[in-house]
Amino acid sequence: MSMAASPSAGGATTPPPTEPEIPKRRNAELVLLGGALVLGMFAYANLGEAAAGKLPGNFWTMGLMFGAVLLIAHLAVRWLAPYADPLLLPIAAALNGIGLVLISRLDPYNIANGLAPKSGAAGQQAMFSVLGVVVVIVVLFFVRDHKVLQRYAYISALAGLLLIALPAVLPASMSEVNGARSWIKFAGLSIQPAEFGKLLMVSFFAAYLHTKRDTLALASRKVLGIYIPRGRDMGPLIACWVFAMLVLIRETDLGVSLMFFGAFVIMLYLATERASWLIFGVLLFIGGAALVAMTFSHVQVRFDNWLNPFGSVNGNSRQTAQSLYAFANGGLFGTGLDQGYPYLVGFANNADYIMDTVGEELGLVGLTALLIGYALFVARGLKTALLVRDPYGKLFASGLAVTFALQVFITAGGVMRVIPLTGLPMPFLAYGGSALLANWILVALLIRISDAARRPLPPALPLTAPPNLLDPRAPGNGNNGGRLYGQDKAART
Amino acid sequence: MNRPIKKVAIFCFALFAALFLEGNWIQVVKASSYSAHADNYRNTIYNYQVDRGNIVVGSTDVASSKATSSKQMKYQRVYSNGEEYAPVTGYFSSNYGTSNLEELENTLLDGKDTRLATQNFLRKAEGKDQAGGSVVTTINAAAQDAAYNGLVSAIQNAGGVGTGAVAAINPKTGAILALSSVPSYDPNQLASSSASVQNSYATSLSNNSLQPELDQALNETYPPGSTFKIVTSATALTNGIGGQTITPTSTITNAPLTTLTLPQSTSTISNSGGETCQSNELEVAFAQSCNTVYGYVGMQVGESALTSMAESFGFNKTGPTVPMQASTSAFPASGLSQAQLAQSAIGQYNVTMTPLEGAMLASAVANGGVIEAPYLIAKELDTNGGVISSASPTQLYDPISSTVAGELGTMMQDVVTSGTATSLQNIGVSVAAKTGTAQRGTGQNSVAWMVAYAPANNPTVAVAVMVADNGVQNNDTFGNSLAGPIAASVIKAALGLS
């Protein structure tokens, strides 16, 4: 199946035919990172001017540090993944920077009302941002080839399931924050394990589907023009569905289950190219969610708030209503940073509801710009999936991109009342160290895959190559085998 | 696998497109409707971020905005002599909205008025808060003080149970000089930055059966009693009786002096205290406030003439907007029996009138038969104090000729010099007046009225005082004894006499 380029195939004896030069685009990345720096610092200066009439006290220190961190990240990519997509890192950096400004904008209110640490949430988040870039470098350094991760598929699955399910089995005192049991709290730290779990699960999905795709795709009966998969092939789908529902019920977390289940179904479709899986997946989720909504009051309340946000403006639907008021007040151009009242939404104003601040203070214009940023990030992830040559990489990259897109949609859509609110942190913007680290790992993984995708092919083997290179049994050739020129296309299904 | 990846890319694009469309929906299409929701606290915040303009009496601000240290509630509304001026200013409350001038002049006061757009644009460019223009009222501070203090002490003397109101206007222009209602309320409490203070005060107001927040001068009607004899006299002087011209000195033939027997009715009309009238000469009967003569005159002039005269004074018409909308004073609908007509002619039965209408009766007589439209706003000022509009008097009603007005004026002076309004004698100016003591239902004391204007030869103040007092003995609730002294002090204050 897998006919990816093997690094060992590089040593040809005769001069190879000239390959077209593939630009590395590192300088473009550097310029864009400069743009991200300027954008973030401009917002920070604007915030200081609006709030106190002067630049924030630590403006130049922060600018210097932010710039230094971005430069180091850039140099690391230049060294470890020179062919990486040039947009991934700058977009993540810009989103992270904007997030920091928004969090520090909300800090005065949150500190005064006990919704943030006494020293403010922005400082912590800045620390985790630096840590995030460190993690990117670590991942890039140790994972030199994304296909290595394929070997750890079942360990990933186990670890992922454990992380996702852990809050559900912990006592509520250690896992519950505002009604949702999706946290692990110990020693003063709060971790949302699902954020790391999502990466592990996507990695597992990619590996599993990569090995099972033929069985899933071909062994099905056609009924009324739709391919009905066999019962035994439905197994993993059903298992995943049951698992998503269990998480939902136990952790009162519709968002996580929607994200996992959605990502799994879409990856199943990508692997098998059978639309019937999508239909099954959607039907199963809707059926299950409806059942759960009718049985469990907290899910029902979310639905009610969605359908009727102004039904109980001082009770259950208060935050939904307040969220809409924030967006309405922002209008087309927004009030300007520190000129609106997005904190009126109360709890989680700098996490799940951080889009309120974008909508109110940056307006529809700022919201659109932000959405374009997220969409570009997803687009680059999917572009990476298109370009990368191995099916596992394709599944992994598209799985990561789709998970990211789903998280943005589920979170922003919930806050903006496209769908019922389910409570996920907004990627890169929201306050929360674990989520931020997890998203930076996601960036690192996409950078790694995109580097592989854009890296030029090793020179084609001349037909007169030494026989040992064509012999699969020869040492070092393993299952991957030597790349045979012209067979690459045929190897893809 | 690339084909499904492209389809998934389209799906992801659709997700973002949905967010974008929803953004347009909630931030543009539905924005103003969401923003207007009553529970949207931003509205309150924005109200308190404006340097709201002042409401001015003379050179004093009775309502003004004071800068606070709070970032959200930047300005606090402050009322000086809040209870005295509440019928004028109204209140500006975060939980209970606005009323009176605070409500009706809101766009000027909070700076949204288009005439202030340039100034506020410049202020915004300078980084200043939005500011409002100011409203200069026509109120005469001394007259307002006299009215309010007089009413408060009159009610206090009666044990605190009762209501009272004063309306004073300049008959030549219609400018309102005093507008007072007792019991009143403190608008500072309703404008408090503390919601709990607002709530508990509002609860205490709504539990008070005397309705302190109701402006008795504009928005409550009472039977006018004998003050309505001004209208009955005007009808007789204008139309005559039975084809005969009537002058103040005409004798009303066949008018009884002790008891008026009402046709097709068992009830009778007698005079106050069962007294016998001195004469059935019109001006004597007017000065003595003879019910028997005036009930008879009412039946003689007839229902249609009396009704149309009352309506030409403003009865049965929507009350004037000053800019607060005054309530309608009422003269009973057509089809009255003779008994009802006689009762109506002396301001009983179903005749009701606001204190403002009482002042308008006096000002018609004082101003040669013409009632100028009453108004409360003298000038509107921009944020820098420049005048952006000034009131110009307009004629509201023209009920009687100047001849009849002159005749009525003489009759009303006689009420003071030789009639029932003894409390207005020797106050340093010649006054023309009419007393009223209107009976209400059983268990309620009479309503005491005094309608007057001064100086008699060149009137600049017309006043109506109403006291509906349930605390004193019934025989003390006469217009002259209860309302008269308040009218005297309002007149003196308005004219600058000590």
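Right above here is the structure, for reference.
Please read all numbers here as calculations on a predicted model, not as lab measurements.

J.: Go over helix α8 (residues 141-157) of chain B with me, naming the residues and quoting the values.
T.: All names here are of chain B. The terminal C-alpha atoms of α8, which comprises 17 residues, lie 24 Å apart, in line with the 24 Å expected from a rise of 1.5 Å per residue. Among the structural elements, α4 (82-89), β7 (162-169), β8 (176-182), β17 (461-469) and α19 (479-495) are those in contact with the buried residues of α8. Backbone geometry just downstream of α8 places Gly159 in the positive-phi region, at approximately 90°.

J.: Mind laying out the pairing of strand β15 (residues 432-438) of chain B, listing which residues take part and the relevant values?
T.: Here is the key point about a regular strand: its side chains alternate between the two faces of the sheet. All names here are of chain B. Counted residue by residue, β15 has 7 buried out of 7 residues, so it is predominantly covered. Of the two faces of β15, the one holding Ala432, Lys434, Gly436 and Ala438 and the one holding Ala433, Thr435 and Thr437 are both buried throughout. Two strands pair when backbone bridges link them, and β15 and strand β16 (residues 447-454) are joined in this way by 7 bridges, in the antiparallel orientation. Opposite Ala433, over in β16, you have Ala452 as the bridge partner.

J.: Help me get a handle on the nonpolar core, residues and values and all.
T.: Core analysis: the largest hydrophobic core is formed by 152 residues, its most contacted members being A:Leu88, A:Phe205, A:Ala263, A:Met267, A:Ala405, A:Val443 and A:Ile447. In contact with A:Met267, other than residues within four places in its own chain, are A:Phe205, A:Ala206, A:Leu209, A:Leu395 and A:Gly399. Formed by 131 residues, the second largest nonpolar core is a distinct cluster that contains B:Val88, B:Ala146, B:Ile230 and B:Ala432.

J.: Tell me about the interface of chain B and chain A, and name the residues and values.
T.: The interface is formed by 30 residues belonging to chain B together with 38 residues belonging to chain A. Listed by contribution, the elements that provide at least two residues to the side of chain B that touches chain A are α1 (2-29), α2 (31-35) and α3 (41-47) of chain B. At 19 residues, α1(B) tops the list of elements feeding residues into the side of chain B that touches chain A. Residue composition of the side of chain B that touches chain A, by class: 18 nonpolar, 7 polar and 5 charged.

J.: So, the sheet that holds β15(B): which residues are in play, and what are the values?
T.: Residues and elements named next belong to chain B. One open sheet holds the 5 strands; their spatial order is β8-β7-β17-β16-β15, and the pairing between them is antiparallel. Every other strand in the sheet has two partners, leaving β8 and β15 as the edge strands with one partner each. Pairs of neighbouring strands in the sheet enclose a mean axial angle of 5°, with direction left out of account. With 6 bridges joining them, β7 and β8 adopt antiparallel strand pairing. The partner of Ala165 across the bridge, within β8, is Ser181. Packed on one face of the sheet, α8 meets β7, β8 and β17 and runs near 20° to β8.

J.: Just give me the short version of the packing of helix α4 (residues 121-142) of chain A against helix α15 (residues 433-454) of chain A, but keep the residues and values in it.
T.: Residues and elements named next belong to chain A. Between α4 and α15, whose axes approach to 8 Å, the crossing angle comes to 30°. The angle between the axes of α4 and α15 places the two elements in the roughly parallel class. Between α4 and α15 the crossing geometry is right-handed. Contacts from Gln124, Gln125, Phe128, Ser129, Leu131, Gly132, Val133, Val135, Val136, Val139 and Leu140 in α4 reach Gly433, Leu436, Leu437, Trp440, Ile441, Val443, Ala444, Leu445, Ile447 and Arg448 in α15. Of the residues assigned to the contact of α4 with α15, the class counts are 15 nonpolar, 5 polar and 1 charged.

Reading guide: rules and limits
Residue positions are given per chain, counting from 1 as you read along its sequence in written order. For this description, chains carry letters from A and ligands carry numbers from 1, given in the order in which they are written. Owing to the predicted nature of the model, reporting of local features is limited to residues with pLDDT of at least 70; listing and counting of side-chain atom pairs is limited to 80 or more, with chain, interface and lining totals taken over all residues. Only DSSP runs of H or I with at least four residues qualify as helices, and only runs of E with at least two residues qualify as strands; both kinds are numbered from the N terminus onward. Here, expected helix span is obtained from the residue count minus one, scaled by 1.5 Å. Note that contacts rest on C-beta atoms placed from the backbone: two residues are in contact if these are within 7 Å. Exposure is read from a count of other C-beta atoms within 10 Å of each residue's own; the residue is exposed at 12 or fewer, buried at 20 or more and partly exposed in between. C-beta atoms are placed from the backbone. Pairing between strands requires that DSSP locate at least two bridges from one strand to the other. What makes a nonpolar core is a set of buried Ala, Val, Leu, Ile, Met, Phe, Trp, Tyr and Cys residues, with links drawn between C-beta atoms within 7 Å. Put simply, Ala, Val, Leu, Ile, Met, Phe, Trp, Tyr, Cys and Pro go in the nonpolar bin, Asp, Glu, Lys and Arg in the charged bin, and everything else, Gly too, in the polar bin. Axis geometry follows a simple rule: fit a line to the C-alpha atoms, using only the stretch in contact for helices, then measure angles between N-to-C directions, giving values from 0 to 180 degrees. Every angle not falling under 35 degrees, over 145, or within 65 to 115 is termed oblique; those three ranges are roughly parallel, roughly antiparallel and roughly perpendicular. Each crossing gets its hand from how the near helix is turned against the far one by less than a right angle, where anticlockwise is left-handed and clockwise is right-handed.

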